[in-house]
Amino acid sequence: MKTFVLRQLSPAVVGSLVADSAVCADNMPLFVPDGAWMCQARMALRIDRLGKSIKPQFARRYYGAFTLVNYLRRAEGLAPEGGAIDQCVIHGRWLPIADAAPEVAVEVADLRYSGVVEVDFSAIDEAISELSRLSTFKTGDIIILPNPILSFTPSPQSAFKGLINSEEVLNFRIL
């Protein structure tokens, strides 16, 4: 399984890969290493079928579920970027992609976000096409979209809760 963390979709796809051992599912506590860290709540898509060199007009056939993820990374300007850190990506329960833009609610400690997240599916289709020229997509691969919904500094003993269309998809504690 591959996990792509995208930083931008256009004019060119920019992103990085995350190690398999760094990805974990919901309800596991997040242990934050010593140092300066930040978390980002982001939307993610799951690849549902095998594909290589996918044309943009067919890309939508290759993903059918989305969720929220928490992406743990070094604070701005510090290296290394996440990706090889255990549990740097915690993903939630996968939901089928609906025709309407998802209503998302995220709360952690005293921070809250609630609103509709507009997803540019044509840009995502282009990105999948570009990435599939370099790497074969397999069922279960994850694409984490750019544009964090909420960025925050993780504080011990706080709880993270994320909902999509009023369904809880992500819930964990930060230790």
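Residues numbered from 1 in each chain as written. Predicted model: local features only at pLDDT ≥ 70, side-chain atom pairs only at ≥ 80, totals over all residues. Heavy atoms only, no water.

> It is not clear to me how the overall build of the chain should be interpreted in this structure. Could you clarify?
The helix and strand inventory of the chain stands at one helix and 13 strands. The order of α-helices and β-strands along the chain, N terminus first, is β-β-β-β-β-β-β-β-β-α-β-β-β-β. A globule of 175 residues ought to have a C-alpha radius of gyration of about 16 Å, and the chain, at 15 Å, matches this closely. Judged by the C-alpha coordinates and their principal axes, the chain covers about 45 × 35 × 25 Å. The 175 residues of the chain split such that 49% are buried. Nonlocal contacts in the chain, meaning residues at least 24 apart in sequence, comprise 73% of its contacts between residues at least 6 apart. Of the side-chain charges in the chain, 17 are positive and 19 negative, and the distance between the mean point of each set is 6 Å. (Helix = DSSP H or I, 4+ residues; strand = E, 2+ residues; numbered from the N terminus. Rg over C-alpha atoms; globule rule 2.2 N^0.38 Å. Buried < 20%, exposed > 50% of the residue type's maximum accessible area, 1.4 Å probe, protein only. Contact = heavy atoms within 4.5 Å. Lys, Arg positive; Asp, Glu negative; His and termini not counted. Charge placed at Lys NZ, Arg CZ, Asp CG, Glu CD.)

> I tried to follow the sheet that holds strand 12 (residues 158–164) on my own but got confused; where do I start?
Sheet strands line up and pair through hydrogen bonds in the backbone, either parallel or antiparallel. The strand order 9-8-12-13 describes an open sheet built from four strands, whose pairing is antiparallel. For this open sheet the edge positions go to strand 9 (111–116) and strand 13 (167–174), each flanked by a neighbour on one side alone. Taken pair by pair, the neighbouring strands of this sheet meet at an average axis angle of 5 degrees, ignoring direction. Pairing between strand 8 (residues 103–108) and strand 12: five bridges, direction antiparallel. If you follow Val-104 over to strand 12, its bridge partner there is Ile-164. (Pairing = 2+ DSSP bridges. Axes fitted to C-alpha atoms, helices over the stretch in contact; angles between N-to-C directions.)

> Sorry, what's going on with helix 1 (residues 121–134) here?
In an α-helix, one turn spans 3.6 residues, which is why side chains three or four residues apart end up on the same side. Relative to the 20 Å expected for 14 residues at 1.5 Å per residue, helix 1 spans 20 Å between its end C-alpha atoms, a close match to the ideal helical length. Looking only at helix 1, the buried set comprises Ala-123, Ile-124, Asp-125, Ala-127, Ile-128, Ser-129, Leu-131 and Ser-132. Taken together, the buried residues of helix 1 touch strand 1 (3–8), strand 4 (37–47), strand 5 (63–74) and strand 10 (142–144). (Expected span 1.5 Å × (residues − 1).)

> Sorry, what's going on with the packing of aromatic side chains here?
Considering all chains together, one arrives at four aromatic pairs under this definition. Look at Phe-152 and Phe-160: their rings are 6.1 Å apart centre to centre, the planes differ by 35 degrees, and that puts the pair in the tilted class. Each member of the pair, Phe-152 together with Phe-160, is buried. Chaining the aromatic ring pairs together yields one cluster made of Phe-152, Phe-160 and Phe-172. Above the plane of the ring of Tyr-62 lies Arg-49, whose end atom (NZ or CZ) is 4.7 Å from the centre. Above the plane of the ring of Trp-37 lies Arg-74, whose end atom (NZ or CZ) is 4.8 Å from the centre. (Phe/Tyr/Trp six-rings, centres within 6.5 Å; stacked < 30°, edge-to-face > 60°. Lys NZ or Arg CZ within 6 Å of the ring centre and 35° of its normal.)

> Sorry, what's going on with the side chain of Asn-70 here?
Within the secondary structure, Asn-70 is located in strand 5. On the accessibility criterion, Asn-70 (0% relative accessible area) is buried. Residues in contact with Asn-70, not counting those within four places in the same chain, are Leu-30, Cys-39, Gln-40, Cys-88, Val-89, Ile-90, Phe-152, Phe-160, Leu-170 and Phe-172.

> Help me understand the nonpolar core in this model?
Formed by 57 residues in total, the largest nonpolar core has its most connected members in Met-43, Leu-68 and Ile-128. Leaving out residues up to four positions away in the same chain, Met-43 has contacts with Phe-66, Thr-67, Leu-68, Pro-102, Val-104, Val-117, Ile-143, Ile-144, Leu-145, Ile-149 and Ile-164. (Core = buried A, V, L, I, M, F, W, Y, C linked by side-chain atoms within 4.5 Å.)

> Teacher, can you tell me more about the environment of Val-14 here?
Examined against the element boundaries, Val-14 turns out to sit in strand 2 (residues 14–18). Overall, Val-14 belongs to the partly exposed group, its relative accessible area being 31%. Through-space distance from the C-alpha of Val-14 to that of Glu-168 is 30 Å; in sequence the pair is 154 residues apart. Sequence-distant contacts of Val-14, defined by excluding residues within four places in its chain, comprise Val-5, Leu-6, Arg-7 and Gln-8.

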